[in-house]
Every structure is written in structure tokens, then in C-alpha cells.
Amino acid sequence: MGRRVVIVGGVAGGMSAATRLRRLDEDASIVVLERSGHVSYANCGLPYFVGGVIEDEDDLLLQTPQRLFERFRLDVRVGTEVVAIDPSEHTVTVRPSAGGAETALPYDALVLSPGAAPVRPPLPGFDRVQVLRTVEDAEQLAGAAHASPRGAVVIGAGFVGLETAENLAHRGIATSVVEMADQVLTPLDPEMAVLVAAELVRNGVEVITGSAVTEITDDGVVLTNGRQLAGDLVVAAIGVRPDVRLAEMAGLALGPWGGIAVDPVGRTSAPDIYAVGDAVEKADSVGGGPSLIALANIANRQGRRVADSICGLPVRPVLSQGTAILKVFGVTAALTGWNESRLRASGRGYRVIHSHPTSHASYYPGAQPLALKLLFDPADGAILGAQAVGRGGVDKRIDVLATAMEAGLRADALADLELAYAPPFSSAKDPVNMLGYMAENVMSGECDVAEPDEVAELVVHGWTVLDVRTEAEHDSGAIPGSVNVPLDSLREQLPTMGTGPFLVYCQVGQRGHTATMLLHDLGMVARNLDGGYTTWEAAEAAVAQEPQRLVGALAEP
Ligand SMILES: Cc1cc2nc3c(=O)[nH]c(=O)nc-3n(C[C@H](O)[C@H](O)[C@H](O)COP(=O)(O)OP(=O)(O)OC[C@H]3O[C@@H](n4cnc5c(N)ncnc54)[C@H](O)[C@@H]3O)c2cc1C
């Protein structure tokens, strides 16, 4: 008889492991145990089923036990829960989810992919709150959304919370999002996330940040500031915790963040037990240490690697960058690696670049605004993270940057990437190339840049804030106290401008760079404001928690 492999959890990580195992080993007996009623379902599609964008529930069910048997000879048992593991006997105890007799199942290799469970805080009234994790949750939420609720409150403005809010609003339900942090989408930095909040506001979703829910009442929620928000429907998406119940009971080691501890190829502390997916701690590609990242791509990759490992193939360790993407109405937000807040907290040296290109050549119809942020180590050029928010071209830029990061490219090497170009798709200098040019300028010391949060301090130290945009641009909104000398008249006006030092800015940083270089050449001290007025304005709106100021910022041109 071939090796007996038992897999706990039949969705992303578990099913990837199962099918890869079969391809590698036709003789293995492979049993997949899944406590819910479905396997291989598209949990990432659940919010869109709630919103009616995906109309047919069957579209979420990518496989059935029958089909998996026919193609892969997998023994898939839904409605079957694993309630205990005995690592010394190499058995798991199994029971029907609906209740019934327990039986023991032996294994030669055991793969745990039990996922994560939504956080359920002990708030008064929380039992009437809905969560979104399984097909059953989505059915329940879609049913409640159909029943014409007078309003919905989504607690938590992370990825799942915002997707849920968008989809409830899509159904015509008055929706509010409440977030305890001072911004939505904390994996992004505030000046990027505020653009996402602005898109929510633009589409009629109320965004409340810096406030927590303290109680769920019969017809809404109560916030920390005492405000009551109406909502028949209350959904919580305040994060997930790795489901480690079985692992803990079996005495497997956990990591510092409470996930199952695994080695680089997915082995737990017990012989022949592997673990993958949301339940485990992953090696972080930036810091190297363990981290908890719950993403489908990582679970799938880990599932494949664990199957390789069980079959004795050489395995490349799976590192995680946390590359993620989100659609919020017409805007896409995406990131990879660490954000600035995390780098600052870690004490690691970094530099920042903001840019505001268009998704493709601005002269070709349909070009969309795009905000990009790159974080890199000025000492060795290592790319530490990137963020993008915009109406078009976000996905390919973040994927190129994630690939560059994984490949270990230096930030300035982005300048030399030969990326596909024709006007409907990009620019001859793609926005990613432009980030490379800017990184080159910073790394070579050719141009000194300042960040928006440095402006106030520079002013205190006597710097002149110089706006080199046109008079019309200056009049439509400028940094308070700034002097307007348009770039094209800078040379003529130099004698009247004093000797500086100058903090130069334009709309997005490009004219500011030219002006700063000119001033340098003339022997003056000057710094260019990174990302120009556009980034400064976003940073100010983020600090004030007033995304409504930016509803036009990413408007279609
Ligand atoms: C609404 C939603 C949207 C998402 N959107 C995205 C997205 O757009 N992009 C992205 O990258 N990620 C997304 N994710 C996250 C992604 O779905 C997870 O990272 C991924 O599914 C994790 O895979 P996993 O195998 O670890 O766990 P899961 O896919 O959750 O599978 C775990 C399975 O194990 C079963 N199980 C647990 N314990 C037992 C037991 N004792 N016995 C038997 N069965 C058990 C559970 O029932 C569950 O079906 C989303 C998640 C949700 C909930």
C-alpha cells in the first residue's frame, strides 16, 4: 500500500496539497477532511456573492468531492470534522460535523490547513453580528441583504470589510464602515489609504475612522464617542485568528504571533505533521522573522511545497511579502512588502518616493490617475515595499514591483526594466521606470527630497516654501505661506527670491525636481517635496481624517 496522507481542511492550502500530491504519487491514499459542506470554494469571491455581482452560488464552488474523486482519486469527506490528533500514534480522530460517532484514521503524513477564524470580540449584542468566512456565512449575509435592511454597519475597514461594504452599497443599502484605527486599510500608509476612503465617500458609504464599536443594539451600533449608528445589518470584519485549536491540543509548537510554527518547508514540531495557510506563521521576506499573513496565494504555494516535501522533492522555502490587492468601487489599491509605519517602528533605514503618473500615455483616451509609493533601503537599494492606488494600471505596477522585490532587484534598477509599451497600455517611461529614475536620483544624492511631514519643521527653521506651478494652479490650492514662482520664470525671478534654503514643490514632484536641480546648480540649498502638492494634500487629509476633501483627487480625467 502507498503512503497514507490525511489533509485537514479542503480549501486553498489543503486542496493544493492534495492535488499536487496526487500528481506526484499515484499510489498514495489521500483523504481530505472538511468540516463545512463544501470543498475548494472561492472564499475570495464571497463578498461578490453577497453583492449580487456573482449571481449563482454554484460559481463559487470550484470543485465537488465527486469531481475530485474522478480526476484525482481523492477521498474527500465534507461535513467531517477532525477533533483530535495523536502524533505518537499517527492518527486523527474524526466525527461528522452534525454530530455522531468518532472514528480514528491513521496517517503516514498529516497536512493541517484549517485556516483562520474571524475575531469575535466580547461586545454586548455581538451574537447578532454576521461574519463572512464560509459559503454558509455568505448565504446568510446575502439573505439578510435581500431582506431590504434599513441600513448596514460594517465593523472593520480591512480588505474583507471594505469589499463587504462595497457590495452592500452595491445592493443599494445605506452602509457605514467603522474603523478603530485612524485610517482605513492599515496595510497601506495613511496618505495612500485616504484615497481609498475618499472613493468610499464618493460612492455614498459613510467612513468613520478613529472610533470603535462598544455595543451592538437591536437596530444598530454604539460607538466609543457615544454616537449611535443605525443598521439592521451588522457585519464584523475585524481580522482573523489562526485556527490552532487542533494543533494546540496535539502539543504542536506555536510561534510568537500565535500561529502554528513551521520550518521553511512546512514541517511542524511533530514528526510527519505539516501545516500551511492562514493557520501558520510564515517567514517574512523583508524582516526574515515570522509573520502572520492570511492570503490565498501564500496558502496555495505552501500547499504545493508541502506536497513536494512529503514526496521527497527539494523544496524552495516559501517567503511571504504580503502582496495584496483590493477593488473599492472604481478604485484599486494594492501593496507588497512593508509599509512606512512598519519600517519606522522596526528602526530600519528607508527612503520614500511618491509619484502620480497616469495609467497609460496621457494623450491616449482613457488614461487614469495613479498614486504610487516606493520604499527602499538607501544603503543597498533593496526594495522594501510598494503601494499603489488608482483607477487603472494598479495591478500590473504592483505585480512588477512585487516581482522585482522577490528577485532582489535594487530600487534604481527599476529604471532599466524593459516593460511593454504602446500608448493604450503605458508610457515609454513606464511609471515603474520612473520610480527607478527617482530612486537613482535619491541614491546618488543628486536630488534631496523632503516628505510632507517635514514641511512644518522646515518652515520653522526658516526655509522658504517655493511653489513652482503656474499661478492658476497656485490659486486653486497651495501650501499655506508658500511663494509662487512658476518654473518657466524661475531664472528671471532669481534675483528677487533671496538665497533660501528652499523647499520646492509642484503638483506631483516633476517640475519641482527640475527647479531643485537648477537651484542646486546655482549653489543654493534646495529640497524637492516628494510627490508634490498632491501627496501633501493627501497627507493633510489623512491626518485630519477627512477623506471627503479628496473625492475629486482620483476622479476620472
Ligand atoms: C471573504 C474573504 C475574502 C478573501 N479575499 C481574498 C483575496 O481577495 N485575496 C487573497 O489572497 N485572500 C483572500 N482571502 C483569504 C484567503 O481566502 C485565505 O488566505 C485562504 O483561503 C487560506 O487558505 P487556508 O487553506 O489556510 O484556509 P481556508 O481556505 O479557510 O480553508 C480552511 C478549511 O479548513 C476547514 N477546517 C478547519 N478546521 C477543521 C477541522 N478541524 N476539521 C475539518 N475541517 C476543518 C474549514 O472549514 C475551512 O473550509 C479572503 C478570505 C475571505 C474570508
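Since the structure is predicted, the reported quantities are computational estimates derived from the model, not experimental observations.

Asks: Account for unusual backbone geometry, with residues named and values stated.
Replies: A cis amide bond links Gly500 to the next residue, Pro501, at an omega of 0 degrees. If you trace the backbone, Pro501 turns up in the loop between helix 14 (490-493) and strand 29 (502-505). Positive phi, normally seen in glycine, also occurs at Leu185, with a value near 45 degrees. Among the structural elements, Leu185 can be located in the loop between strand 10 (175-179) and helix 6 (190-202). Accessibility expressed as a relative area gives 1% for Leu185, which makes it buried.

Asks: Break down the state of the cysteines for me, with residues and values.
Replies: Within this structure, the stated rule accounts for zero disulfides. Here Cys447 stays unpaired: no disulfide links it, and the sulfur of Cys506, its closest cysteine neighbor, is 11 Å away. Accessibility expressed as a relative area gives 4% for Cys447, which makes it buried.

Asks: If you had to explain the layout of surface pockets to someone new, which residues and values would you point to?
Replies: Taken as a whole, the second largest pocket spans an internal volume of roughly 670 Å³. Forming the walls of the second largest pocket are 31 residues, and the residues nearest its centre are Ser355, Met434, Met438, Val508 and Gln510. If you list the elements that add at least two residues to the lining of the second largest pocket, you get strand 23 (351-355), helix 11 (431-444), helix 15 (510-521) and strand 30 (526-529). A per-element tally of the lining of the second largest pocket places helix 11 first, with six residues.

Asks: I'd love a proper account of empty space enclosed by the protein, names of residues and values included.
Replies: Empty space among the atoms becomes visible once a probe the size of a water molecule is rolled across them. For the structure shown, the criterion picks out one cavity of 30 Å³ or more. Taken as a whole, the largest cavity holds about 70 Å³ of empty space. As for the largest cavity, its lining consists of Asp182, Gln183, Val184, Pro190, Val194, Ala197, Val207, Thr209, Ala542, Gln545 and Pro547. For the lining of the largest cavity, the elements supplying multiple residues, two or more each, are helix 6 and strand 11 (206-209). Looking at side-chain class alone, the lining of the largest cavity contains seven nonpolar, three polar and one charged residues.

Asks: How would you summarise the site of the ligand if you had to cite specific residues and measurements?
Replies: The local shell around the ligand holds 28 residues, among which Gly13, Glu34, Ser113, Arg133 and Asp278 are the closest. In this structure, a nitrogen atom belonging to the ligand sits 3.0 Å away from a main-chain N or O atom of Val82. The contact in question runs from an oxygen atom of the ligand to an N or O atom on the side chain of Asp278, over 2.7 Å. When isolated, the ligand has an accessible area of 990 Å², and the protein chains bury 91% of it. Of all elements in the fold, only helix 1 (12-24), strand 2 (29-34), strand 4 (80-86) and helix 8 (296-310) reach the threshold of two or more residues within the shell around the ligand. In terms of residues, the shell around the ligand owes the most to one element, strand 4, which gives three residues. Residue classes in the shell around the ligand are distributed as 16 nonpolar, seven polar and five charged.

Asks: How would you sum up the sheet that holds strand 22 (residues 331-337)? Please name residues and give values.
Replies: Ordered by their spatial adjacency, five strands build an open sheet running 21-22-25-24-23, and the pairing between neighbours is antiparallel. Edge positions in the sheet fall to strand 21 (324-328) and strand 23, since each of these pairs with one other strand and no more. When the angles between neighbouring strand axes are averaged without regard to direction, this sheet yields 10 degrees. Strands strand 21, strand 22, strand 24 (370-376) and strand 25 (383-390) of the sheet are contacted by helix 10 (residues 394-406), whose axis makes an angle of about 175 degrees with strand 25.

Each value, and the rule that gives it
- Per chain, residue numbering runs from 1 following the sequence as it is written.
- Local features are withheld for residues below a pLDDT of 70 in this predicted model, meaning they are given only at 70 or higher, and side-chain atom pairs are given and counted only at 80 or more; totals for whole chains, interfaces and linings count all residues.
- Note that the side-chain values use all heavy atoms of the structure and ignore hydrogens as well as water.
- By definition, any uninterrupted DSSP run of H or I lasting at least four residues is a helix, any uninterrupted run of E lasting at least two residues is a strand, and each is numbered from the N terminus.
- We call a residue buried when its accessible area falls under 20% of the maximum for its residue type, exposed when it is over 50%, and partly exposed in between, using a 1.4 Å probe and counting protein chains only.
- Cysteine sulfur atoms are paired as a disulfide whenever they come within 2.5 Å of each other.
- A pocket, in this scheme, is an open set of points on a 1 Å grid over the protein atoms alone with protein on both sides within 12 Å along at least 5 of 7 lines, while a cavity is a set where a 1.4 Å probe fits but cannot get out; residues line either one if an atom lies within 4 Å of a point.
- Grid points are joined across faces, edges and corners, and a volume is the space filled by probe spheres set on the points.
- Throughout, the ten residues Ala, Val, Leu, Ile, Met, Phe, Trp, Tyr, Cys and Pro are labelled nonpolar, Asp, Glu, Lys and Arg are labelled charged, and all others, Gly among them, are labelled polar.
- It suffices for a single heavy atom of a residue to lie within 4 Å of a molecule or strand for the residue to be listed as near it.
- Definition of a polar contact: a pair of N or O atoms within 3.5 Å, with one able to donate and the other able to accept a hydrogen when the atoms are protein atoms, and with sequence-neighbouring residues admitted only if both atoms are side-chain atoms.
- Note that accessible areas follow from Shrake-Rupley with a 1.4 Å probe, and for residues the cover is restricted to the protein chains shown.
- Whether two strands pair depends on DSSP finding at least two bridges between them.
- Only the contacting stretch of a helix is used when fitting its axis, a line to C-alpha atoms as for every element, and angles between N-to-C directions run 0 to 180 degrees.
- Any pair of residues with heavy atoms lying within 4.5 Å of one another is described as a contacting pair.

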